[in-house]
Amino acid sequence: PSLGIAFWIVAVCLSALGITHIQYEPHPWSIAVRGNSEAENLERLTSVLGTSLAPLLIVSEGDTQDQAIVRDREATAILDGIRTKAGIAMIDSIGRLLPEKKQQLENLRFIRNHADLFSKTRFETEFNELLIDYPLTKDDIPRDYAEKISQSLEIENGEETITLNSLKAWGLGSEIERYVAQVNERYLVVTYVYLTRFPWVRGAVTEFLRHFNEAGGSFLQGTKVRGEAMRSTRHPQFLKKEALQAGLIALGFVVLLLSLEFRNIGWIALTLLPLLMSLWITLGVMGFLGIELSFLTLSITPILLGIGIDDGLHVMERVKRGDSLSLILTETGSSMTVTTVTTAAAFLSLSLARQEAIKDFALVATTGILLCLL
């Protein structure tokens, strides 16, 4: 007995180290990505293209449309400054279509000083030369589009700048709606930020937010980071809360039923102690093996509390009746072993799945159930 107790003490102490290494699923979608060939191909494509397919949204809010656009430009300026170190592949902003007035005037002066480079004559000549080698088909850019471009190259002497209304008049209304919206008498302007990595890869969004805030993003008035990708920053905390809540509720029910059965604190403690130790060691195994706590493995806690308590109940019922330990291990122990091993085998069958998250669930459940028996 002393050797057995020493074994459990060592196992519990080592598991404390493993538990400190438990990682939490970074994003609710990541569980579907692991082991999924289509998702892995998509991730490879993202790596090749150097840009993720799910953007972060930088939302700037203002009392007026102009105020919201000014705040959006301030955020975009910060993004341009941290592009490389924050892992930004592309910034899609209204500022790309609508530069600020000062910049527009500088551009207009440059165009006037180099009028020959932007003349109608040059565009029409080069466009027609291209058509000789690459004749247009019905699926290509229509000729009337080229005519509109040609008309827009008539340079005026005034200082007229482009506005949102100008862009809408040129047929870009649907494009503007991607960036500018009015909600409850407030104006919102959105900039789309595409990262070089999948947003739900561990640390991708966190790293971006750290650089963005350090560069002054946290001080921008009326500007917030939003989007589906942001769930990766809150998901681990959500899982921790859910795991604790599920475990405490299941434990509460188990303690209640044990209280009704034994009505003795000592017997309740003796029934629960091996169960809680087994659960603790199972979590330690997860930490050592690098198995994440996800929506699937999260369910292990209440499952083990519900299934694992059976072994303790069978033994303690015989102890309560006054049976000898050798008789309990011979009769009840053999039945417990068979039923527990068959249950563990059922969970172990899930390890044949191709999805890695299901394999993790099978391994953790089987380990926990056998530890409860031991």
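Preceding this paragraph is the structure being described.
Residues numbered from 1 in each chain as written. Predicted model: local features only at pLDDT ≥ 70, side-chain atom pairs only at ≥ 80, totals over all residues. Heavy atoms only, no water.

S.K.: Give me the overall build of the protein chain: which residues, what numbers.
M.R.: A tally of helices and strands in the protein chain yields 16 helices and five strands. Across its three principal axes, the protein chain shows a C-alpha extent of roughly 105 × 50 × 35 Å. Burial analysis of the protein chain (374 residues in total) assigns 35% to the buried set. Taking as baseline every contact in the protein chain between residues at least 6 positions apart, the subset at least 24 positions apart corresponds to 76%. Counting only carbon and sulfur atoms, one obtains 61% of the accessible surface of the protein chain, whose full area is about 22,000 Å². (Helix = DSSP H or I, 4+ residues; strand = E, 2+ residues; numbered from the N terminus. Buried < 20%, exposed > 50% of the residue type's maximum accessible area, 1.4 Å probe, protein only. Contact = heavy atoms within 4.5 Å. Areas by Shrake-Rupley, 256 points an atom, 1.4 Å probe, with all protein chains shown as cover.)

S.K.: Tell me about the environment of P135, and please be specific about residues and values.
M.R.: Mapped onto the elements of the fold, P135 is located in the loop between α7 (120–133) and α8 (143–152). Counting along the chain gives 102 residues from P135 to Q237, while the straight-line C-alpha distance between them is 58 Å.

S.K.: Tell me what's going on with the side chain of S278, and back it up with residues and numbers.
M.R.: Mapped onto the elements of the fold, S278 is located in helix α12 (residues 265–289). Excluding anything up to four places from it in sequence, S278 contacts W8, L371 and C372.

S.K.: Summarise the pattern of salt bridges; cite the residues concerned and give the values.
M.R.: Enumeration according to the criterion identifies 13 salt bridges in this entry. Between E126 and R122 there is a salt bridge whose closest N-O contact spans 3.0 Å. One end of the pair, E126, and the other, R122, are both in helix α7, four residues apart, so they sit about a helical turn from each other. For R210, the salt bridge identified is with E214, shortest N-O distance 3.4 Å. With R210 and E214 both in helix α10 (residues 204–214), this residue pair falls four residues apart, about one helical turn. Under the relative-accessibility criterion, R210 is labelled partly exposed at 38%. When salt bridges that share partners are traced, they join R318, R321, D323 and E331 into one network. (Salt bridge = Lys/Arg side-chain N within 4 Å of Asp/Glu carboxyl O.)

S.K.: Which residues make up the nonpolar core, and what values do they have?
M.R.: Within the largest apolar cluster, 27 residues are counted, with the highest numbers of intra-cluster contacts made by L258, L272, L275, I300 and I309. Elements with a minimum of two residues in this core: α11 (231–262), α12, α14 (300–320), α15 (325–348) and α16 (356–373). Residue contributions to this core peak at six residues, all from α11. Aside from chain neighbours lying at most four places away, what touches I300 is F361, V364 and A365. Among the nonpolar cores identified, the runner-up in size contains 19 residues, and I91, L209, F212 and A229 belong to it. (Core = buried A, V, L, I, M, F, W, Y, C linked by side-chain atoms within 4.5 Å.)

S.K.: Report on the packing of aromatic side chains, specifying residues and quantitative values.
M.R.: Throughout the structure, instances matching the rule amount to eight aromatic pairs. Measuring from ring centre to ring centre gives 5.5 Å for F7 and W8, while their planes differ by 75°; the resulting arrangement is edge-to-face. Centre to centre, the rings of F262 and W267 are 6.2 Å apart; their planes meet at 80°, and the pair counts as edge-to-face. In this structure F262 comes out as buried when scored by relative accessible area, which is 5%. Taking the relative accessible area as the measure of exposure, W267 reaches 27% and is therefore partly exposed. A cation over an aromatic ring shows up here: R178 above the ring of Y179, its NZ or CZ 5.0 Å from the ring centre. (Phe/Tyr/Trp six-rings, centres within 6.5 Å; stacked < 30°, edge-to-face > 60°. Lys NZ or Arg CZ within 6 Å of the ring centre and 35° of its normal.)

S.K.: Lay out the environment of I5 in plain terms, naming residues and giving numbers.
M.R.: The residue I5 is located in helix α1 (residues 2–19) in this model. For the pair formed by I5 and E228, sequence separation is 223 residues and the distance between their alpha carbons is 49 Å.

S.K.: Describe in detail unusual backbone geometry, supporting the description with residues and values.
M.R.: Non-glycine residue N184 carries a positive phi angle of around 50°. For N184, the position within the fold is in the loop between β3 (180–183) and β4 (186–195). The phi torsion at E185 lies on the positive side, around 65°, for a residue other than glycine. With respect to the helices and strands, the residue E185 is situated in the loop between β3 and β4.

S.K.: If you had to explain α12 to someone new, which residues and values would you point to?
M.R.: For α12, which comprises 25 residues, the first-to-last C-alpha distance of 36 Å matches the rise-based estimate of 36 Å (1.5 Å per residue) to within 8%. The largest bend in α12 comes to about 30°, at L272, with the proline P274 one to four residues further on. Of the positions making up α12, those classed as buried are I268, T271, L272, L275, M277, S278, L279, I281, T282, G284, M286 and G287. Looking at the buried side of α12, the elements it contacts are α1, α11, α13 (295–298), α14 and α16. The distance from a side-chain oxygen at the start of α12 to the backbone nitrogen of G266 is 2.8 Å, and the residue carrying that oxygen is N264. (Expected span 1.5 Å × (residues − 1). Bend = angle between axes of the 7 residues up to and from the residue. Polar contact = N/O pair within 3.5 Å; in protein donor to acceptor, adjacent residues only side chain to side chain.)

S.K.: Describe the packing of α14 against α16, naming the residues involved and giving the relevant values.
M.R.: Contact pair α14 / α16: the axes reach a minimum separation of 9 Å and the direction vectors enclose 30°. Judged by the inter-axis angle, α14 sits roughly parallel to α16. Crossing geometry of α14 relative to α16 is assigned as right-handed. On α16, the residues that touch I300, I303, L304, I307, G308 and D311 of α14 are F361, V364, A365, G368, I369, C372 and L373. (Axes fitted to C-alpha atoms, helices over the stretch in contact; angles between N-to-C directions. Parallel < 35°, antiparallel > 145°, perpendicular 65-115°, else oblique. Left-handed = near helix turned anticlockwise from the far one by under 90°.)

S.K.: Give a detailed account of a nonpolar patch on the surface, specifying residues and quantitative values.
M.R.: A contiguous nonpolar patch, built from I249, F253, L256, L257 and L260 and spanning about 530 Å² of accessible area, is present on the exposed surface. Here L257 is to be found in helix α11. On the basis of relative accessibility, which here comes to 56%, the residue L257 falls in the exposed class. (Patch = residues over 30% accessible without salt bridge, like charges linked within 9 Å, V, L, I, M, F, W, Y side chains within 5 Å.)

S.K.: Got a sec to walk through helix α4 (residues 65–81)? Specific residues and values, please.
M.R.: Because each turn of an α-helix spans 3.6 residues, side chains separated by three or four positions in sequence point in the same direction. Its 17 residues place the ends of α4 25 Å apart at the C-alpha level, agreeing with the 24 Å of an ideal helix rising 1.5 Å per residue. For α4, the set of buried residues is A68, I69, R71, D72, A75, T76, I78 and L79.

All we've got here are geometric facts, nothing functional implied.
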